Amino acid sequence: MNKYEIVKGYIKEQLHSGKIKPGGKLPSIREISIQFSCSKNTAIRAYHDLEKEHLIYSVPKSGYYAVLRASTMNLQPPGLIDFSSASPDPDVMPYEDFQHCLNRAIELYQDQLFSYSDPQGFFSLRKELSKHLAISQVFTRPEQICMVSGAQQALHLLTVMPFPNGKSTILVEQPAYYGMIRSIELLGVRAVGIRRTKEGIDLKELERHFRSNHIKFFYTVPRFHNPLGTSFSQEQKKQIARLAEKYDVYIVEDDYLADLEMDRKADPIYSYDPSGHTIYIKSFSKVMLPGLRLAAAVLPQSLIETFRMFKSSCDLSSTALSQAALEIFLNCGMFNRHTEYMRNRYHKRMEILRNACNQWLPSELSVHVPEGGIFSRMVLPDQLPAIDLAATLKQQNVLVVPTNRSFLKTFPKENGLRISIIHTNEAQIESGIRLIGEAAEQLLSRTTPETVSVIDWV
Ligand SMILES: Cc1ncc(COP(=O)(O)O)c(C=O)c1O
């Protein structure tokens, strides 16, 4: 290693170990050149590199200082096991890579990023995305892609805007992503539910709804469902597309976790729908940075103008800076490399979750842990209400989410918990599931004698 790299390494170590605090002054160029027996130019070159990495900054006539930055340390309280969060693990987000893309985007597009832009989104990003989406069998043109501020915005706009089929009721699988349930309820839109189990949905019931219930669109998460974690079979996806065409019902296909798919043959409903009844939504929140607030909606031609109008009336456009940086992130291969890393990481966690559930959960709890994705659902017996188990676990620093909020108010709720592995490491999964098993056993053993004594007394 040459002197200049040694100096850089030394300063980095001082910064990371906290020996030089954020805002603290670094040794002067002269001090460094004496300490490392190197020329002043070598010290200056090392400091310039650290400046480029945004680790230090210089103040003319004063010296060099450590950059003040928010702590990258995990903000979780010690001992907390969080199976509730659905936002990505901050420790593995591609911050530095994305920072390069942000800088490059500013150099490349300059003022275009800081004025009003096309409500449909940056054209060059949409062009890049049309290539990227083809990998998942979503063949489309940039003109049919609309960039939105997160998948949530697309769901909100689709819920409220009129559709060319002139129908007004939304069909929602039950349970469903809570954000969709909330949009429907806040917007006061009429909605009906169709039960989804780990086997999927009853296609006869779906057809009955499509035929008789004035369905504008069917909202579904075919892959790695939230909160179930499960996916539709290819045959079910084909049938859903067929029924959509037959009854002129649109499908809102929320493919928020497409990038975590391990099975290359798992194509979306969109790919089985030549009739143009599917709206395909791809989020960049779960494997990338949710704070970018970026997702893409691929729309049939007949919906584009209305969607554009509703989108622009909502926020004029999504942030151009995020869009331009995402374009570069996709184009230079960083996205594919990062998603592969995340896919393997989450896949491994799901495997550990499966083994831990087999080992630690009492037989009264039924759980299905899918191969991929981030969620799994535990079904609990009636005598063990999910809310009670969640409250007991919270006292032990284990967070889980009861799934009752994932149902429409009018739909019968199921007693269950959603388990997310996105914020837990392997050791936490193991000990967290053990704690869930112990708490469930304890609560069950308490309820059993009481039930028996009530029956005895009667
Ligand atoms: C199924 C599903 N769709 C959409 C979203 C929202 O995604 P975005 O961050 O892109 O708005 C989430 C967030 O958890 C989700 O679980």
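Residues numbered from 1 in each chain as written. Predicted model: local features only at pLDDT ≥ 70, side-chain atom pairs only at ≥ 80, totals over all residues. Heavy atoms only, no water.

**Student:** Just checking my understanding: could you explain the overall build of the protein chain for this structure?
**Tutor:** Counting its regular elements, the protein chain contains 14 helices and 16 strands. Dimensions of the protein chain along its principal axes, counting C-alpha atoms only, are 85 × 60 × 35 Å. By the burial criterion, 54% of the 458 residues in the protein chain qualify as buried. Counting only contacts in the protein chain whose residues sit at least 6 apart along the sequence, the fraction spanning at least 24 positions is 74%. Carbon and sulfur atoms provide 53% of the accessible area of the protein chain, an area that totals close to 21,600 Å². (Helix = DSSP H or I, 4+ residues; strand = E, 2+ residues; numbered from the N terminus. Buried < 20%, exposed > 50% of the residue type's maximum accessible area, 1.4 Å probe, protein only. Contact = heavy atoms within 4.5 Å. Areas by Shrake-Rupley, 256 points an atom, 1.4 Å probe, with all protein chains shown as cover.)

**Student:** When you look at the site of the ligand in this model, what are you seeing that I'm missing?
**Tutor:** Looking at the ligand, the residues that line it are Gly150, Ala151, Gln152, Tyr177, Val221, Asn226, Asp254, Tyr256, Ser283, Ser285, Lys286 and Arg293. Contacts to the ligand include Ala151, whose backbone N or O atom sits 2.7 Å from an oxygen atom. Asn226 places a side-chain nitrogen or oxygen 2.8 Å from an oxygen atom of the ligand. Relative to its free-state accessible area of 400 Å², the ligand is covered by the protein chains to the extent of 93%. Broken down by class, the residue content of the shell around the ligand amounts to 4 nonpolar, 5 polar and 3 charged. (Near = heavy atom within 4 Å. Polar contact = N/O pair within 3.5 Å; in protein donor to acceptor, adjacent residues only side chain to side chain. Nonpolar A, V, L, I, M, F, W, Y, C, P; charged D, E, K, R; others polar.)

**Student:** Explain the sheet that holds strand 12 (residues 366–368) here, please?
**Tutor:** Two orientations exist for strands paired in a sheet by backbone hydrogen bonds: parallel and antiparallel. One open sheet accounts for 4 strands, arranged 12-13-16-15; its pairing is antiparallel. On the outer flanks of this sheet lie strand 12 and strand 15 (401–402), each paired with one strand and no other. Relative to strand 16 (residues 416–420), strand 15 runs antiparallel, the two sharing 2 bridges. By the bridge assignment, Val401 is partnered in strand 16 with Arg418. Where helix 13 (residues 386–395) meets the sheet, it contacts strand 15 and strand 16, and its direction lies at approximately 45 degrees from that of strand 16. (Pairing = 2+ DSSP bridges. Axes fitted to C-alpha atoms, helices over the stretch in contact; angles between N-to-C directions.)

**Student:** I tried to follow the pairing of strand 5 (residues 169–174) on my own but got confused; where do I start?
**Tutor:** Look at any regular strand and the pattern is simple: side chains alternate between the two faces of the sheet. Where burial is concerned, most of strand 5 is hidden: 6 out of the 6 residues are buried. In this structure, strand 5 lies alongside strand 8 (residues 215–220), joined through 4 bridges in parallel fashion. Bridging across to strand 8, Val172 finds its partner in Tyr219. Where strand 5 and strand 6 (residues 191–197) come together, 5 bridges link them in parallel fashion. Within strand 6, the residue paired with Leu171 across the bridge is Val192. On the question of chirality, the crossover connecting strand 5 to the parallel strand 6 by way of helix 7 (residues 178–187) is right-handed. (Right-handed = clockwise from strand over helix to strand, strands pointing away.)

**Student:** Got a minute to help me understand the packing of helix 6 (residues 151–160) against helix 7 in this structure?
**Tutor:** Any two packed helices are characterised by the angle at which their axes cross and by the distance between the axes. Remark: helix 6 packs on helix 7, axes separated minimally by 10 Å, with the N-to-C direction vectors making an angle of 35 degrees. With respect to the hand of their crossing, helix 6 and helix 7 are arranged in right-handed fashion. Packed against helix 6, whose contacting residues are Gln152, Leu155, His156, Thr159 and Val160, the element helix 7 presents Gly179, Met180, Ser183, Ile184 and Leu187 at the interface. Tallied by class, the residues present in the contact of helix 6 with helix 7 amount to 5 nonpolar, 5 polar and no charged. (Left-handed = near helix turned anticlockwise from the far one by under 90°.)

**Student:** What exactly am I supposed to notice about the sheet that holds strand 9 (residues 250–254) here?
**Tutor:** In space, the 8 strands of this open sheet follow the order 4-11-10-9-8-5-6-7, with mixed pairing throughout. Edge positions in the sheet fall to strand 4 (145–148) and strand 7 (200–201), since each of these pairs with one other strand and no more. Relative to strand 6, helix 8 (residues 203–212) is tilted by about 170 degrees, and along the sheet it contacts strand 5, strand 6, strand 7, strand 8 and strand 9.

**Student:** Any chance you could explain unusual backbone geometry here in plain terms?
**Tutor:** Apart from glycine, the bulk of residues carry a negative phi angle, and the bulk of peptide bonds sit in the trans form. Omega for the bond connecting Gln174 with Pro175 falls within 30 degrees of zero, at 5 degrees, which places this linkage in the cis form. The topology assignment puts Pro175 in the loop between strand 5 and helix 7. In the segment running from Asn226 into Pro227, the intervening peptide bond is cis, with an omega of 15 degrees. Residue placement: Pro227 occurs in the loop between strand 8 and helix 9 (234–247). For His214, which is not glycine, the phi torsion reads 55 degrees and is therefore positive.

**Student:** What's the story with the environment of Gln442 in this structure? I'm lost.
**Tutor:** As for its position among the elements, Gln442 is in helix 14 (residues 426–457). Taking relative accessible area as the criterion, Gln442 reaches 43% and is therefore assigned partly exposed. Residues Gln442 and Leu389, 53 residues apart in the sequence, show an inter-C-alpha distance of 9.9 Å.

**Student:** Please explain the nonpolar core as it appears in this structure.
**Tutor:** The tendency in soluble globular proteins is for nonpolar side chains to be buried side by side. Leu158, Phe307, Met378, Ile433 and Ile436 are the most contacted members of the largest nonpolar core, which has 106 residues in total. No other element matches the 9 residues that helix 12 (residues 334–360) contributes to this core. Looking at which domains feed residues into this core, each of domain 2 (96–332) and domain 3 (336–457) supplies at least three. Counting 18 residues, the second largest nonpolar core, distinct from the first, contains Ile11, Leu15, Ala43 and Tyr47. (Core = buried A, V, L, I, M, F, W, Y, C linked by side-chain atoms within 4.5 Å. Domains from an automatic or database assignment.)

**Student:** What should I look at first to understand the side chain of Ser85 in this one?
**Tutor:** Of note, Ser85 is situated in the loop between strand 3 (81–82) and helix 4 (95–109). Looking at Ser85, the relative accessible area reads 15%, which means it is buried. A distance of 3.1 Å separates the side chain of Ser85 from the backbone nitrogen of Ser87, its partner in a polar contact. When residues no more than four places from it in sequence are discounted, the contact partners of Ser85 are Arg418, Ser420, Ile422 and His423.

**Student:** It is not clear to me how the pattern of salt bridges should be interpreted in this structure. Could you clarify?
**Tutor:** Working definition: two side chains of opposite charge can pair if their charged atoms are close together. Taken as a whole and judged by the stated rule, the model has 25 salt bridges. As a salt-bridge pair, Glu13 and Lys19 come within 3.7 Å of each other at their nearest N and O atoms. For Glu173, the salt bridge identified is with Arg196, shortest N-O distance 2.8 Å. You can see Glu173 sitting in strand 5 and its partner Arg196 sitting in strand 6, a full 23 residues away along the chain. When its relative accessible area of 0% is taken as the criterion, Glu173 is described as buried. Through salt bridges with shared partners, a single network forms among Lys8, Lys12, Asp49 and Glu53. (Salt bridge = Lys/Arg side-chain N within 4 Å of Asp/Glu carboxyl O.)

**Student:** Just checking my understanding: could you explain the domain arrangement of the protein chain for this structure?
**Tutor:** Often the size quoted for an interface is simply the accessible area lost on bringing the parts together. Domain annotation for the protein chain reports domain 1 (3–66), domain 2 (96–332) and domain 3 (336–457). Once you take the C-alpha centre of each, domain 2 and domain 3 turn out to be 29 Å apart. Here domain 2 and domain 3 share an interface that buries about 2,600 Å² over both sides, 64% of which is from carbon and sulfur atoms. Linking domain 2 with domain 3 are 2 salt bridges, by the criterion used here. Across the pair Glu185 and Lys409 runs a salt bridge whose closest N-O atoms are separated by 3.7 Å. At the junction of domain 2 and domain 3, the tally comes to 7 residue pairs in polar contact (both at pLDDT 80 or more). (Buried area = accessible area lost by both parts, 1.4 Å probe.)

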